[in-house]
Structure formats: C-alpha cells, structure tokens
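# Summary of structural features
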Amino acid sequence: MTATGRILIVDDEKVVRDSLAGWLREDGHVCETASSGELAIQAIRHAAFDLCVVDLKMPRGIDGLETMRKIQEIRPDCSVVIITAYATVGTAVDAMKHGAEDYLVKPFEPRDLSAIAERVVALRRVRRPEKGGSASVEVSRFHGMVTRNPAMLTVFDMIRNIADLRSTVLIEGESGTGKELVARAIHENGRRREGPYIQLSCAALPETLLESELFGYERGAFTGAVSRKRGKFEVAGGGTLLLDEIGDVGPKVQTDLLRVLQERRIVRLGGSEEIAVDVRFVAATNRPLRAAVQEGRFREDLFYRLNVIHVEIPPLRKRLEDLDLLVFDLLQQASKEVGRTVKEVAPAAIERLSTYAWPGNVRELENAVERALVGCRGDRLEPGDFDFLFRTGAELLSWLAPSHLSLKEVEARVVESVLRSSGWNVSEAAATLGIDRSTLYDKMRRHGIERPDEGGEQETSR
Ligand SMILES: Nc1ncnc2c1ncn2[C@@H]1O[C@H](COP(=O)(O)OP(=O)(O)OP(=O)(O)O)[C@@H](O)[C@H]1O
Ligand SMILES: [Mg+2]
C-alpha cells in the first residue's frame, strides 16, 4: 500500500550511499546514487526524481546546501531531504527555511528514512493531483465534515494520504475551523485507529502541571505525588496524541518536547527508567506558529520538528460556498438539541450569512443557527432570524473577543470589517475610517485583505 517513487541519494561515502539505497529499494522505491553534488546535478538534468537525499557535508566540490539550491533550480518540484551530523543541525534548520522537506540526524535508522520517503511521495500526490479531477464541485463528506471548497477537499485528500504515516502533523487554522475534527480524522483513517486517541490542551495548564501531564511521574517525585502516574506520552502509546494550542507552550516544555520528538523516549518525572514513546503526534494552533518563531516565543527547531506535515484549514469566510451545506447540517443537529424542527432555510438567509465575516468560524455558525432556530417563528429560517449577527459593532466585537491579537492584527480586522460592511466600497470605507483611499489601498495590500471573489471568473454584483 505504500507509495513508491524515484529517489536520488547524494553522499560522498560509498557505504552510506549503498546502505540507504538498499533500504529504500526494499520499500519498493527506484534508487540512484551520486558521490558528489556535481554528479547529482548531472543526474537531475537527465531524469526526474521525486526526492533527493543529500548529505550536508561533502568535503570535495559543492556542499549539500549548494547542491540543494541547484536541484531546486533545475527541478523545482523535486523534494530534498538533508542528512546531517548532530553538530550541524542548525544548518539543517536553515536548509528547511530554504525549502528542504526535512532533515535526518546521523545516526538514523532505516525506518526513519523509510517514513520520510513514504511521506514525501504521498504528499506529492496531494500537491499535484491528477489532471481533470480538480474542477469537481461535488460535495464531499468526511468524518463529520462537509465541504465543496477546493482547499478543504485538499485537506481531506491530505488526511487520507498521510493518515498511515507516523510523521508529526501541524494543523493551523483560526478558532472554530475544525482542527479537532481534522486531528481525529487523521487518527481514525490510519493504522493507529485501534489505539488510543488522546487530546491535551497545552494552554489550559501551567508549565509544571503540563510537564507532569505529559511525562507522568513516579511516586514521591514531588509533594503530592502519592502514587505513580503515567503521562499522556505513555497513555497515547500505539495511538495518536493531539497537542492542542501548541503555540502557548512555555520554553521549558518546548525543550522537553523537542527531545521527545527527536529521541522518541522519555523518563517519568522523578524516575530513571527510559520508556520508548510510540505515539503519532498531531499539534494544533489557532495562531500562526511561524509568527511565534519570528517573535522569539517559539523554538525554531521545534517548529520544524512539528511542521513535518502541514495542514492548513481555511477560515469560513474563505469558503462561503460551504455555507448552505453547513447550515443544513447544523440545523438538523440543532433541531435535535433544541427539540424543535425547522427543515428549511430561505436562500436569502444564506445570502445574508455570506456577508458576515465569521470570526468564530464554524463554531460561531453552529451557535448562530441554534440561536436563529430558537427565535424562528415560521417553518423556515429567514434572513431576519439572523439579525443579531448584524447589530452595530457585533462583528467587530467578536473579532476582538479571542484577543491575543497584536495591534497590527487588530488594525487588519478593523479594516476588513469596515470594508465588508460597506459592501467593499473603498471610498465609503475610507471615509468611515477617516483615511484617504490610497492609504486604505496600502493597508489592504499590507494586511493581505482582498475582496472575496476578486480574481474569480464570475463577477457578482450586489
Ligand atoms: N467542515 C465542518 N463541517 C461540519 N462541522 C464542522 C466543520 N468544521 C467544524 N465543525 C464543527 O465546528 C465546531 C468547532 O470545531 P473544532 O472544535 O474542531 O474547532 P477548532 O479548530 O479545534 O477550534 P479552537 O481553535 O477554538 O479549538 C465543532 O462543533 C465541529 O463539529
Ligand atoms: Mg480546538
């Protein structure tokens, strides 16, 4: 069932080349080898590869980084994995910034390389889907999620392709976009589905408590440790562990986590026995983790260890074509909970919902549908049943509600909100904000704010 591909191994040492090629051939890949960067570049010119495994340090000729750059130039869609000694891990992290897919620290085991090769080949299928199938607008249902949005469909494909791997997954998406559903779907689709699925919110706990939750402890490890307790790393053995809100983890636990991800073994607090960790890690965050790295709040090396597979869930305002599907599903669900059945939704109500920004995403929609149902007088939901969403300032307030926002983010949200309520009329929005049009255009550009549908094929007029 594993995906197989064409792989080039670049290393100056013959033993290394031969053993890596041997392992990968056992997995069914087609392998070639090159003893220097220059020879690798020649090989790449002649044939396409899915993956190049490149030694960082090669004493003669060009080094691993330069080799990688040339490979990317000649074949931009070929993935590169760097092999490095422990001492040069920093350089490997740099390589990832410049587009390396991953790195392996020497010495590593055959299954580490197998896992990476399998993942790279599996991901390529997602990134370059077969021609012809892409324009489909069919509705897809998957583990409690429903969509017809291309970006969400790619997320579903991705989950199917990576579920069986053990590689760590980082799920990014705003609050309420469905990160937990995605994490669970990854677990339930893979070989670990019979094993436990454990979820831990890292934001809820102070650092010392988080540590003992993760690692467990021996009796007497600290005051109050009256008996041995297994931590989540152990409890999730054979299964999947979701580290939710990973961006809120403090520096101490970040360092611990890095070690666990690299060594795959732990020691309970107050203990000495080493315990192997057989867990598939999934991490989730509602604030971009890369930004936390840039601000110095999150370890860069840990970021790369977590971000081996990246899943990004688009916010609801970027998949408004899903609104009707979601509303119908959520309405059924709410009908059961509220004990009152309304089966229909006026098309104009959906239309009205599509003018709202949904800062709380699907969770907010869930609540809105329930509230509309409770207030609904007739036997179908009408635009007026959603009036509460549009009270002055309501949207803006809910944007700001999660409030770990930086001043820059607040500005972006205010600008977007005002544009939206003016129907994307730039002159009107600029007047409301008390700035001139060119300043507004500048702010839109800087914050990446675009009018929905812009660039799309069809023009909608309102
Ligand atoms: N595509 C979808 N289809 C149907 N329901 C969805 C979809 N996405 C999310 N939901 C529902 O929306 C709610 C929020 O989802 P979830 O808890 O997974 O979000 P989250 O991204 O983890 O949010 P947070 O960052 O706040 O923890 C859940 O009740 C979930 O069932
Ligand atoms: Mg969540």
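So, a few notes on the structure that sits alongside this text. (Residues numbered from 1 in each chain as written. Chains lettered and ligands numbered in written order. Predicted model: local features only at pLDDT ≥ 70, side-chain atom pairs only at ≥ 80, totals over all residues. Heavy atoms only, no water.)

### Looking at the pattern of salt bridges
This structure, assessed with the given rule, holds 36 salt bridges. Between Lys-106 and Asp-55 there is a salt bridge, with the nearest N and O atoms lying 3.6 Å from each other. With Lys-106 in the loop between strand 5 (102-105) and helix 5 (110-127) and Asp-55 in strand 3 (residues 51-55), this pair connects stretches of sequence that are 51 residues apart. Arg-268 serves as the salt-bridge partner of Glu-234, at 2.8 Å between the closest nitrogen and oxygen. Of this pair, Glu-234 sits in helix 9 (residues 232-235) while Arg-268 sits in the loop between strand 13 (265-267) and strand 14 (274-276); the two residues are 34 residues apart in sequence, bridging distant segments of the chain. Among the charged side chains, a salt-bridge network with shared partners connects Glu-218, Arg-228, Glu-234, Arg-268 and Glu-273. (Salt bridge = Lys/Arg side-chain N within 4 Å of Asp/Glu carboxyl O. Helix = DSSP H or I, 4+ residues; strand = E, 2+ residues; numbered from the N terminus.)

### Describing the pairing of strand 16 (residues 309-312)
Side-chain alternation along strand 16 places Ile-309 and Val-311 on a buried face and His-310 and Glu-312 on a face that remains uncovered. Looking at chain direction, strand 8 (residues 169-172) and strand 16 are connected through four bridges and run parallel. Bridge pairing in strand 16 links Ile-171 to Val-311. (Buried < 20%, exposed > 50% of the residue type's maximum accessible area, 1.4 Å probe, protein only. Pairing = 2+ DSSP bridges.)

### Description of the site of ligand 1
The full set close to ligand 1 counts 17 residues, and Ser-175, Gly-176, Lys-179, Arg-363 and Glu-366 are the nearest of them. Within the contact set of ligand 1, an oxygen atom lies 2.8 Å away from a side-chain nitrogen or oxygen of Ser-175. Lys-179 has a polar side-chain atom sitting 2.6 Å from an oxygen atom of ligand 1. Burial of ligand 1 by the protein chains amounts to 86% of its free accessible area of 640 Å². (Near = heavy atom within 4 Å. Polar contact = N/O pair within 3.5 Å; in protein donor to acceptor, adjacent residues only side chain to side chain. Areas by Shrake-Rupley, 256 points an atom, 1.4 Å probe, with all protein chains shown as cover.)

### A few points about the packing of helix 8 (residues 207-215) against helix 10 (residues 251-263)
Packing of helix 8 against helix 10 leaves a shortest axis separation of 9 Å and a crossing angle of 20 degrees. By the angle between their directions, the pair helix 8 and helix 10 is classed as roughly parallel. Crossing angle aside, the handedness with which helix 8 passes helix 10 is right-handed. Between helix 8 and helix 10, the contacting residues are Glu-207, Leu-210, Glu-211, Leu-214 and Phe-215 on the first element and Pro-251, Lys-252, Val-253, Asp-256 and Val-260 on the second. (Axes fitted to C-alpha atoms, helices over the stretch in contact; angles between N-to-C directions. Parallel < 35°, antiparallel > 145°, perpendicular 65-115°, else oblique. Left-handed = near helix turned anticlockwise from the far one by under 90°. Contact = heavy atoms within 4.5 Å.)

### Quick notes on unusual backbone geometry
Excluding glycine, residues mostly carry a negative phi; peptide bonds, for their part, are mostly trans. Cis geometry marks the peptide bond from Lys-106 to Pro-107, where omega comes out at -5 degrees. As for its position among the elements, Pro-107 is in the loop between strand 5 and helix 5. Of note in this structure, Arg-264 is not a glycine but carries a positive phi near 55 degrees. One can find Arg-264 in the loop between helix 10 and strand 13. On the basis of relative accessibility, which here comes to 14%, the residue Arg-264 falls in the buried class.

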